[in-house]
Each structure stands twice: as structure tokens, then as C-alpha cells.
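Next come the chains, spelled out residue by residue.
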Amino acid sequence: MNTPAPSAITTDTITAGTATTDTHDTSTTGTATLSLREAFASLDDRIAGRVLIAGDPDWDDARAAWNLAVDQRPAAIVVAATADDVVHVVRAAKELGLAIAPQATGHNAGPLAANDGLAGVVLLRTHEMRGVEIDAESRIARVEAGAQWGDVVAAAAPFGLTALAGSSHDVGVVGYTLGGGVSWLARSHGLAANHVVAIELVTADGVARRVDAEHEAELFWALRGGGGDLGVVTALEFGLFDVPELSAGMLLWPIERTAEVFTAWSEWIDGVPASVTSIARVLRLPPMPELPPFLSGRSLVVVEVAMQEDPARVDELLAPLRALVPEVDTVHPQPSAELLQLHMDPPQPVPGHGDGLLLAELTPAAIRAFVTAVGPDASSALLSAEVRHLGGMLDPAVARAAASVQGTPQPGVTVGFDAGFLLFGVGIAMPGNREALAESLDRLLSAVAPWRAGSDYLNFAEHARPAERFFGDELGRLRAVKQAVDPANVIRSNHPIG
């Protein structure tokens, strides 16, 4: 890619060489100056995308996060159309004394927007850059910054290939992958970040780069699992997989059986191979016409499974859970593309309140605490409270051992998790229930706190955490990369390296 010349918006056209975040401000000193409104209008003329500031007709739509309860108030918004746009925007923002926050779908935006965290920041939306290319022979996908997992799955499926996708069609590929990426195949294949083979990005100096294991290897290491704090990613290249046998679905019981089902599930997972990924969850579903009758308006305990096994082996493995006589059993052979529907995530943005944490283990006492917080006798306002089984290739020791095998990519900063389980609770935030929802989430997280692991998973942390919780002993090395590529902290993310 040819790197464009620096933007003509320079600091000597701004009074005193600095910029104010008031987009209506102009100097009254008589000095020839540009207001930020004029500066952004000039930028708008230079890019294929568009610039928005407060008061523009599309402002509120453009600043909305996926979680509609998050209030994003940046200094300006740029909706990029090309990678060249990103170069222009980064250079212009830096020269105006503003920071840049890249964002595609706006998932996990809460920590960034909290406490006026977007003051003096240009929100760089990449959601219109959704190109996907599949090289079927090499089993590599190249996706642009705004691509969603639905785009990738649809493009890969005709070739019989499977991506390590998120749990919903509208999860952004880049943000998910930079944070690690726990897919339905994660126990057998590891984190999505560790199958990235190249990354195109614009760093804080406005330079477009392509990094991989042989070119700027330290930056490549840091980007894979280090989050969005190191640059504006414009494209990713990552591996796809042939998954010849797959069965998936859910087993469902009334919520009154939560303790029984969770106990049986926790015993069952001890004997399953890494080809099996599962989630146990409690659902309290409102009456919704788009839901089937066996779900709408009901409170349930559910086990979801994705199993890379032939049907006979699936039946053999599922026998202990089916012995509990589920009310509904939808597990069946299917193409991997159907996994995007398994978790029943909302099909569009909603206002929500949730958070997650890693659990070191799921003991009988931990199950009792979980059931007390969200089970049949709890007055919980949470829509969903789930526990995901980790292990397998998500165990750092296993992942590192696999990396020593020829042809396996060397892992990035986030290798895996020193934890057995991933917990997440969430509810829909509506007028009149926000306090009850917050109390329900706090009650759940407090109940399981004694079994909390020593680290956290960046993509499931909906509130700010110390960087040490995500990166542990690797934080010093990661911060050295940040200092090298962005010493002025121009690039901002939802979970800063610090």
C-alpha cells in the first residue's frame, strides 16, 4: 500500500500549536486559525469516508456502541472507508493534539467510554471496511478491519473451511482476535489470535505496516492477544480449518434442575476430549415472539455443546447428560457455519449490563454458590449466567507445547488461561430494572469470587481492570512495545496496556 503524504492540517494552523476539543471554538486573538470544525471539514475532503462532529445529523447513530447502554462522547468520529483513510486520520488527529480510538462493531466499549474516557479522542469507526478474501489452497482468510464473523463464515463455507469464530454473526473479527478469541473450537485449536499469520495496521506515527513472524516480530507478538492499544488494524490474515465431523446443539431443562444439571455437567466434562467444547448456563428469557415457544418467557438451565466427532461417538459421549432426560435436545450433525446460532446471542445491538471473570475451578461449593445467586430460588434480573469449559489447547502449558511442533504458529502475548472456566453474566438494561440488574450481577460475581482465577480474559471484561490482570508476567514486555510504537499514547483502547 502506498502511504499518503501527511495531512495538510498542521499544528501551525492551530492557535498556540494546540487544539481544543470544543468543535465550535475559534481563536479571538486575530491570529489566522482553524477551528476543529474547520480542521475536520478539511480532513473530510481528503478521505473516502466521512467525518462527523456533534450536531451532525448522523452523530448519535455513529457514536453508538453495540451495547446501547454505553454513552460514547468523542471529540469527533471518522467513519473510514479505506486503509488510506486510516493513515490520514491518524496523522491529522495526532497533529491536532487528539488521540485515536479504533472501533468496528463497538463490542466491549464500556471501559473506554467510562469516566469521560473519550474526551479529546477521535472515534475511528471501521465498520464499513468489511472485505473478506479466502485463499482456499493455503487455507488463509484476509479480512478488513470492520469484517464480522458472519462475513467470514459465509465466505469460507463454500470451500468447506471453518474459522475460529465468535459466538455471534455480528462480533467484529479484529477486536475479538486482538483480545484472544475463544471460539467453539478453542479447546482443540486454541485462541484465534494464535492462528493469525499477518497483520496490517497503522501505528501512531501514521505509518502503514504489515507485520508477521519475520517482520517486526515483537509488534506481531504483542498484537496477538494484547488488545487494541498498539495501532489501528486495517486487515488480518489468519488460518482456516477443515472440520469434517461436527455435531452441536443444546440440552434444556427447567430452571428447577439447575443444581442437578450443573453438578452432572461438571462431572461430565472431566472425561470429554478436547474435541468437545461446552457451556452450562441459566437463562431467564422474556416473552418474545421471535423465540420458539419452548424458550419464550421461560426460565431454564441449558448445556450447549459443539463436538468434533462422528455421530456415533457423539451419542456415546452425550449419554451421561441425556440420562438426565432433557426436555429438549437439539444436538445434531451440522456444518460449522451453524455454530453462529448456537449461543442464541441477540441478533442486533441492545442495552445491556454484564461482566465476566475466569474461575480457577468449579467445585461443588462453587456450584452451590452459583445456584444460590442465579438458580430457581434467586431473584435474579440476569438474562443469562453462563460457565464455559476451558482446558485443552486453552491451557497455556498445552498451547506452548503445541507451539514447539513444526508448522504450529508461535503464540502471541496471550497464550491461554491459567483457569478452568470462564463465567459471564448479563442482562438487558431497561427503564426500571437497572438497579436490580446491577445488584444481580454483583451478587453473582461476589458469590463465585472465592474461586476466581488470578487473571482475566480481556474480551469478557466489560469494566476496567488493571492491565496486570490480563497480561501478568508479560506486561513489562508488552509495555515496552507500546512505548516503542506509541510513546505519546495516541492510540486508545477499551483495555489500555498502561
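Quick summary incoming for the structure in this document. (Residues numbered from 1 in each chain as written. Predicted model: local features only at pLDDT ≥ 70, side-chain atom pairs only at ≥ 80, totals over all residues. Heavy atoms only, no water.)

**Observations regarding the sheet that holds strand S1 (residues 50-52)**
We count it as follows: A pair of strands counts as paired when DSSP detects no fewer than two bridges linking them. Secondary structure elements are taken from DSSP: a helix is a run of H or I of four residues or more, a strand is a run of E of two residues or more, and numbering for both begins at the N terminus. Lines are fitted to the C-alpha atoms to define the axes, a helix being fitted only along its stretch in contact, and any angle between axes, read from their N-to-C directions, falls within 0 to 180 degrees. Whether two residues touch is decided by their heavy atoms; if any such pair falls within 4.5 Å, the residues are in contact.
The mixed open sheet is built from four strands, whose spatial order is S1-S2-S4-S3. Strand pairing shows two members of the sheet lacking a second neighbour, S1 and strand S3 (99-103), which therefore form its edges. On average, adjacent strands in this sheet sit at an angle of 25° to one another, irrespective of strand direction. One ladder, built from four bridges, connects strand S2 (residues 76-79) with strand S4 (residues 121-125); its direction is parallel. The residue bridging Ala76 from the neighbouring strand is Val122, located in S4. Its contacts with the sheet place helix H1 (residues 36-46) against S1, S2 and S4, and it is angled at close to 160° to S1.

**Thoughts on helix H8 (residues 217-226)**
Defined as follows: Exposed residues in this analysis have more than 50% of their type's maximum accessible area, buried residues have under 20%, and partly exposed residues fall in between, with area computed by a 1.4 Å probe over protein chains only.
Burial analysis of H8 places eight of its 10 residues in the buried class, which makes it a mostly covered element. Of the residues making up H8, those classed as buried are Leu219, Phe220, Trp221, Ala222, Leu223, Arg224, Gly225 and Gly226. Close packing links the buried residues of H8 with helix H6 (173-178), strand S7 (196-202), strand S8 (208-211), helix H15 (467-471) and helix H16 (475-485). Phi turns positive one or two residues past the end of H8, at Gly227, with a value near 85°.

**Notes on the packing of aromatic side chains**
For clarity, the threshold we go by: Between 30 and 60 degrees the pair is tilted, below 30 it is stacked and above 60 it is edge-to-face, where a pair is any two Phe, Tyr or Trp rings, Trp via its six-membered ring, whose centres lie within 6.5 Å.
The final tally for this structure, using the stated rule, is nine aromatic pairs. The interplanar angle of 65° and the centroid separation of 5.0 Å between the aromatic rings of Phe417 and Tyr457 together place this pair among those described as edge-to-face. Residue Phe417 is located in the loop between helix H13 (396-403) and strand S17 (421-428), and its partner Tyr457 is located in the loop between helix H14 (434-448) and H15; the two are separated by 40 residues in the primary sequence. For the residue pair Phe417 and Tyr457, the accessibility class agrees, reading buried in each case.

**Some words on the pattern of salt bridges**
Our working definition: Counted as salt bridges are all cases of a side-chain nitrogen of Lys or Arg within 4 Å of a carboxyl oxygen of Asp or Glu.
Here the structure, examined in full by the defined rule, presents 26 salt bridges. For the salt bridge of Asp212 with Arg210, the shortest nitrogen-to-oxygen distance reads 3.5 Å. Taking the relative accessible area as the measure of exposure, Asp212 reaches 12% and is therefore buried. Take Arg210: its relative accessible area is 41%, and that puts it in the partly exposed class.

**Describing the nonpolar core**
Counted only if it meets this: Here, nonpolar core refers to any group of buried Ala, Val, Leu, Ile, Met, Phe, Trp, Tyr and Cys residues whose side-chain atoms link them within 4.5 Å.
The biggest cluster of nonpolar side chains holds 54 residues, and the ones touching the most others in it are Trp149, Ile199, Leu230, Leu236 and Phe238. Considering every element that reaches this core, the biggest residue donor is H8, with five residues. Those residues within four positions of Ile199 in sequence are excluded, and the remaining contacts are Arg209, Arg210, Val211, Phe220, Leu223, Arg224, Val233, Ala235 and Leu236. Ala264, Trp268, Val301 and Leu437 belong to the second largest nonpolar core, which has 45 residues in total.

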